[in-house]
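Letter by letter, the chains look like this.
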Amino acid sequence: MKLSCRYAIAVPLCAAISLGGCAAYHKTPLNLGPQLKSSLSALHHGLPGNGLIPSTLPLTTQSVAALAVLNNPALIAIREQRGVAQAELLNAGLLPDPVISGGFAALMSGPANASAISGSLTQDLSALITYSVDVRAARAGAAQVDAAILWQEWQVASQAEQLCIAIDGDRQTVGLLLADRQALAAVNTSTSNSVAAGNLTIAASSSSLAALAATDTALNTAQQTLAQDKAQLDALLGLQPWVEIPVANPDVPPIDPSAADAAIASLGTRRPDLIALRYGYAQADAKLRAAILTQFLPVSISANGGSDTTNVVSIGPAVTLTLPLFNRNRGGIAIAAATRAQLAAQFEAGMAEAQGGAAALLARSRLLQNQSAAANKRADDANLIATQGQSAFANGSLDALSAVNLQTASADRRREAIALRVQLLTARLSLATLLGIGLPPIAAPDLESTR
């Protein structure tokens, strides 16, 4: 009877102690209010280490990129993956709780003289066997998430800078078209007055009218493109689509070819997306080892005790393990091995794509640099001739058709120069992004140290 009383007290006590450290549910409602900010000052400007993004206007492209990384709504959501990865790491490092069980059988009749009591305490040892590889896999998974997030942040920063370059080009194009329209409108007014005075035929004014209409069409398109690019930049920073972002004239310096070649050769050790793939392979490698160990699981040890109806008390250990005769977790091992092989091939494909893309962008940058320099020279020459033509038309030494043609040719040359400059700066920026130039160093997995 003493054993029965102790058992009756011990079980609720153990249960109470166990439940005392359990988690509780707390409701967290969703934020249904406005998500987009209405001004630049409403954005987060704080950097790690108590630094601040400069708010002096106009902003540099680097400041805009930093604001995008801090405030982009998609990135804010993606960063929550870190919490999930850390929770998985915590879960991998936890051992299973022991299991306590008990039983009571009341004596109802017969020659015995006591009720039967039984109890056991069981601990699963499977997690101890796979503990190191499970933790290693979880750590690799957490590092993979960190590297993948860094790469997405890098992409958002690059996208913000590219939009700054595009917006600058759009504004130059709109300004150029407005100036061209003013010049063509002056020619059109002059020819219209001459037609009204009977000094010119209507056919003489047709060229200026057609050029003016074409310029208006191009101006409308350029203004729409500018508005679209500005809206995309606002969205990238988590701003309302009408918020104006003053940006200084962007400039992306060329990358030294020898430095670019060295960066291409070391992409697998620096670029976050490739390092993320390496961590994914390390995680798959650890899971394969865990699958091999699992063919001997589960393993558990328990302590059993109790008294029968004759008051005979017994206590002793028990061991449970799996004999790898038929299943041997062959399916799980095959899946883990195939997954590791798939990730190895995926890393090699990623490396090939990264190296090929960077080499192609390097060649494209060289080509665009030559084309942009030539286009600037042609635009300057055409602009000089068009200016001289306007003066000649004003003093009557040049006809309207020739003046219109010179102005139109100059506008085309200058727009070509603007477009090529935008392409050149975008190519340089894309190359720096693909090469990971400017990124902080990232620790890569060392598979050899875990073998």
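The model shown is predicted, which means the values in this text are computed figures rather than measured ones.

**Q** Looking at this structure, how should I read the sheet that holds strand 4 (residues 116-124)?
**A** Sheet strands associate in pairs through backbone hydrogen bonding, adopting either a parallel or an antiparallel arrangement. In spatial order, the strands read 3-4-5-6; together these four strands make up an open sheet with antiparallel pairing. Edge positions in the sheet fall to strand 3 (99-105) and strand 6 (313-320), since each has one partner strand and no second. On average, adjacent strands in this sheet sit at an angle of 15 degrees to one another, irrespective of strand direction.

**Q** Help me understand the nonpolar core in this model?
**A** Side chains that are nonpolar tend, in soluble globular proteins, to be buried together. Judged by nonpolar contacts, the single largest core of 33 residues is most densely connected at Val64, Ala160, Leu233, Leu236, Leu237, Leu239 and Ile245. For this core, the elements supplying multiple residues, two or more each, are helix 2 (61-71), helix 3 (73-79), helix 6 (131-197) and helix 7 (206-236). Considering every element that reaches this core, the biggest residue donor is helix 6, with eleven residues. In this structure, Leu239 is in contact with Leu36, Lys37, Ser39, Leu40, Leu43, Asp234 and Ile245, ignoring residues within four places of it in sequence. By size, the runner-up hydrophobic cluster in this structure holds 22 residues, among which are Ile255, Ala417, Ala427 and Leu431.

**Q** Honestly, unusual backbone geometry in this entry has me stumped. Any pointers?
**A** Most of the time, phi is negative for any residue but glycine, and the peptide bond is trans. For the bond from Leu57 to Pro58, the omega torsion is -5 degrees, close enough to zero to count as cis. Here Pro58 is to be found in the loop between strand 2 (51-52) and helix 2. Here the bond from Leu297 into Pro298 is cis, since omega is 5 degrees, no more than 30 degrees from zero. Mapping Pro298 onto the fold places it in the loop between helix 10 (272-294) and strand 5 (300-307).

**Q** Mind showing me how you'd approach helix 12 (residues 400-435) here?
**A** Given 3.6 residues per helical turn, the α-helix brings residues three or four places apart onto the same face. Between its first and last C-alpha, helix 12 extends 52 Å over 36 residues, near the 52 Å set by a 1.5 Å rise per residue. A positive phi of about 70 degrees marks Gly436, the residue just after helix 12.

**Q** What exactly am I supposed to notice about the pattern of salt bridges here?
**A** Oppositely charged side chains may form a pair once their charged atoms are brought near each other. Under the criterion given, the structure shown has 14 salt bridges. One salt bridge connects Arg171 with Glu244, and the closest N-O pair in it is separated by 2.7 Å. One end of the pair, Arg171, is in helix 6; the other, Glu244, is in the loop between helix 7 and helix 8 (257-265), with 73 residues separating them in the sequence. Look at Arg171 and you get partly exposed, because its relative accessible area is 29%. For Glu244, a relative accessible area of 42% puts it in the partly exposed group. Linking Asp273 and Arg271 is a salt bridge whose minimum nitrogen-to-oxygen distance equals 2.7 Å. Here Asp273 matches Arg271 in class, with each residue buried.

**Q** Please explain the environment of Ala417 as it appears in this structure.
**A** Examined against the element boundaries, Ala417 turns out to sit in helix 12. Residues within four places of Ala417 in sequence aside, it is in contact with Ala375, Asn376 and Ala379.

**Q** What exactly am I supposed to notice about the side chain of Thr61 here?
**A** Among the structural elements, Thr61 can be located in helix 2. The class of Thr61 is buried, set by a relative accessible area of 8%. Beyond its immediate sequence surroundings of up to four residues, Thr61 is in contact with Glu161, Cys164, Val247 and Pro250.

**Q** Help me understand a nonpolar patch on the surface in this model?
**A** A cluster of nonpolar side chains, namely Leu95, Leu128 and Tyr131, defines an oily patch on the protein surface of about 280 Å² accessible area. By the element assignment, Leu95 lies in the loop between helix 4 (81-92) and strand 3. Exposure remark for Leu95: the relative accessible area of 45% places this residue in the partly exposed category.

**Q** Looking at this model, I keep getting lost on the packing of helix 7 against helix 12. Mind explaining?
**A** Two quantities define a packed helix pair, namely the angle between the helix axes and the distance between the axes. Close contact between helix 7 and helix 12 brings their axes to 9 Å; oriented N to C, the two are set at 20 degrees. For the element pair helix 7 / helix 12, the angle class is roughly parallel. Viewed along their axes, helix 7 and helix 12 form a crossing whose handedness is left-handed. From helix 7, Ser207, Ser208, Ala211 and Ala218 reach across to helix 12, where they touch Leu401, Val404, Thr408 and Arg415. Taken together, the residues that form the contact of helix 7 with helix 12 break down as four nonpolar, three polar and one charged.

**Q** How do you make sense of the confidence of the model for the protein chain when you look at a structure like this?
**A** Parts of the prediction with low pLDDT should not have their coordinates interpreted in detail. Per-residue confidence for the protein chain averages 88 on the pLDDT scale, and 92% of its residues sit at or above 70. Contacts for the low-pLDDT stretch residues 1-11, under 50 throughout, to residues beyond four places or in other chains number ten contacts.

**Q** What exactly am I supposed to notice about the environment of Ser397 here?
**A** Tracing the backbone through its elements, the reader meets Ser397 in the loop between helix 11 (330-394) and helix 12. Note on Ser397: relative accessible area 54%, which makes it exposed. A polar side-chain atom of Ser397 sits 2.6 Å from a polar atom in the side chain of Asn395.

Criteria and cut-off values
Residues numbered from 1 in each chain as written. Predicted model: local features only at pLDDT ≥ 70, side-chain atom pairs only at ≥ 80, totals over all residues. Heavy atoms only, no water. Pairing = 2+ DSSP bridges. Helix = DSSP H or I, 4+ residues; strand = E, 2+ residues; numbered from the N terminus. Axes fitted to C-alpha atoms, helices over the stretch in contact; angles between N-to-C directions. Core = buried A, V, L, I, M, F, W, Y, C linked by side-chain atoms within 4.5 Å. Buried < 20%, exposed > 50% of the residue type's maximum accessible area, 1.4 Å probe, protein only. Contact = heavy atoms within 4.5 Å. Expected span 1.5 Å × (residues − 1). Salt bridge = Lys/Arg side-chain N within 4 Å of Asp/Glu carboxyl O. Patch = residues over 30% accessible without salt bridge, like charges linked within 9 Å, V, L, I, M, F, W, Y side chains within 5 Å. Areas by Shrake-Rupley, 256 points an atom, 1.4 Å probe, with all protein chains shown as cover. Parallel < 35°, antiparallel > 145°, perpendicular 65-115°, else oblique. Left-handed = near helix turned anticlockwise from the far one by under 90°. Nonpolar A, V, L, I, M, F, W, Y, C, P; charged D, E, K, R; others polar. pLDDT = per-residue confidence, 0-100. Polar contact = N/O pair within 3.5 Å; in protein donor to acceptor, adjacent residues only side chain to side chain.

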